[in-house]
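# Close look at the chain arrangement
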Amino acid sequence: MTRNLSPAGDADVLAGRVIAVVPLRGGGNGKTRLAEDLAPEQRTRLVGALARHVVTTLVGVVDRVVVVTGDVGYATRAIGRPCARIDAVEQVRSGLNGAVADGVEFAFAGRAERVVVMHADLPLLTTDDVLALLAPSAPVVLAPDRAEEGTNAVVVHRSAAAWRFRFGPGSAAAHRAEAERLGLTPHVLRRPGLGTDLDTPADWARLPDGVRAELLRTAG
Ligand SMILES: Nc1nc2c(ncn2[C@@H]2O[C@H](COP(=O)(O)OP(=O)(O)OP(=O)(O)O)[C@@H](O)[C@H]2O)c(=O)[nH]1
Ligand SMILES: C=C(OP(=O)(O)O)C(=O)O
């Protein structure tokens, strides 16, 4: 699922240091919208399997992945240590936007040139999706969900460090408004691997059969 970048064509995409920030809610608290279909321990394993997929895909492309969570023990157990360039850090501020702000501050303090913030629940994410996210030179790249309501990934260049994340209901419009507030023109990227998150029973039903079967096998 991961690959190292050696082809010359990929080098420009990765100009400068790129750090990915992945917010992860404690497994027992996540994916509440799937509670009618999956038992709590199944949801915990599902959240872990999805997070592991996103993190290992990211680390095949970017320099470092920082998982920001209120439950470092859970995150470490769920993701394991497939690579030394993955860290799990405890969030200081509360909620999703608090965790993201903590991670982005940490990344820019770590001299990141660009930060990729990505949700941990993208079952179809591929290496090519991550490369596509990093290809535009725009100061902000937005990847909305397939309904164009939420935002599944955002890339921010350090020149746009005043950027404030607005995750939550209607974040696709809120992030476009944030770009406008800063006088920036965002690049908007729509790809199935970036646009498909797994929140609801309808999202679950829409997944390709093989992906759903594999996730079910992992969730037990
Ligand atoms: N660190 C952290 N991550 C969060 C928090 N809330 C949501 N997330 C993460 O943000 C991403 C998007 O989460 P959502 O889809 O909104 O929430 P969810 O917990 O996965 O699912 P629901 O319970 O159905 O809302 C996922 O990677 C979550 O793990 C939070 O309070 N702290
Ligand atoms: C919080 C968000 O995600 P979701 O739609 O998965 O709840 C968001 O897109 O801003």
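For the protein chain, an unreviewed UniProt entry supplies the name Phosphoenolpyruvate guanylyltransferase and the organism Georgenia alba. According to UniProt, the comment filed for the protein chain under the heading Sequence similarities (unreviewed entry) is "Belongs to the CofC family." UniProt, in the comment section headed Catalytic activity (unreviewed entry), describes the protein chain in these words: "phosphoenolpyruvate + GTP + H(+) = enolpyruvoyl-2-diphospho-5'-guanosine + diphosphate".

Another point: the UniProt feature "binding site: phosphoenolpyruvate" (unreviewed entry) in the protein chain. In this structure's numbering, the residues bearing the UniProt feature "binding site: phosphoenolpyruvate" (unreviewed entry) are Thr151, Gly168 and Ser171. Spanning 21 residues, the named residues form one tight spatial group whose C-alpha atoms are at most 8.5 Å apart. Along the chain, the position of Thr151 falls in strand S6 (residues 151–157). On the basis of relative accessible area, Thr151 is assigned to the buried category, the value being 4%. Not counting residues up to four positions away in its chain, the partners in contact with Thr151 are His119, Ala143, Pro144, Asp145, Phe167, Ser171, Ala172 and His175. A distance of 3.4 Å separates the side chain of Thr151 from the backbone nitrogen of Ala172, its partner in a polar contact. Here Ser171 shows up in helix H6 (residues 171–181).

This part covers the site of ligand 2. The environment of ligand 2 is formed by Arg33, Leu96, His119, Gly150, Thr151, Phe167, Gly168, Ser171, Asp197 and Asp199. In this structure, Thr151 approaches ligand 2 through a main-chain N or O atom, which is 2.8 Å from an oxygen atom. Taking Gly168, its main chain carries an N or O atom lying 2.9 Å from an oxygen atom of ligand 2. Here ligand 2, which alone exposes 290 Å², has 82% of that area covered by the protein. Each residue belonging to the shell around ligand 2 can be placed in one class, and the counts come to two nonpolar, five polar and three charged.

Basis of the calculations
- Position numbers for residues start from 1 in each chain and track the written sequence from start to end.
- Whichever chain is written first becomes A and whichever ligand is written first becomes 1, with later ones labelled in order.
- In keeping with the predicted nature of the model, local features appear solely for residues at pLDDT of at least 70, side-chain atom pairs appear and are counted solely at 80 or more, and the whole-chain, interface and lining totals rest on all residues.
- Based on all heavy atoms of the structure, the side-chain values leave hydrogens and waters out of the count.
- UniProt positions are given in the numbering used here, feature names are shortened, and annotations may be inferred rather than shown by experiment.
- Numbering goes from the N terminus for both helices and strands, where a helix is a DSSP run of H or I of at least four residues and a strand is a run of E of at least two.
- Only protein chains enter the accessibility calculation, which uses a 1.4 Å probe; a residue is then buried when its area is under 20% of its type maximum, exposed when over 50%, and partly exposed in between.
- By the convention used here, residues are in contact when the closest approach between their heavy atoms is within 4.5 Å.
- Polar contacts, as counted here, are pairs of nitrogen or oxygen atoms within 3.5 Å of one another; within protein the pair requires one atom able to donate a hydrogen and one able to accept it, and residues that are adjacent in sequence qualify only if both atoms are side-chain atoms.
- Proximity criterion: a residue is near a molecule or strand once any of its heavy atoms comes within 4 Å of it.
- Note on areas: Shrake-Rupley, 1.4 Å probe, and residue coverage restricted to the protein chains presented here.
- In the scheme used here, Gly and all other residues not listed as nonpolar or charged are polar, with Ala, Val, Leu, Ile, Met, Phe, Trp, Tyr, Cys and Pro taken as nonpolar and Asp, Glu, Lys and Arg as charged.

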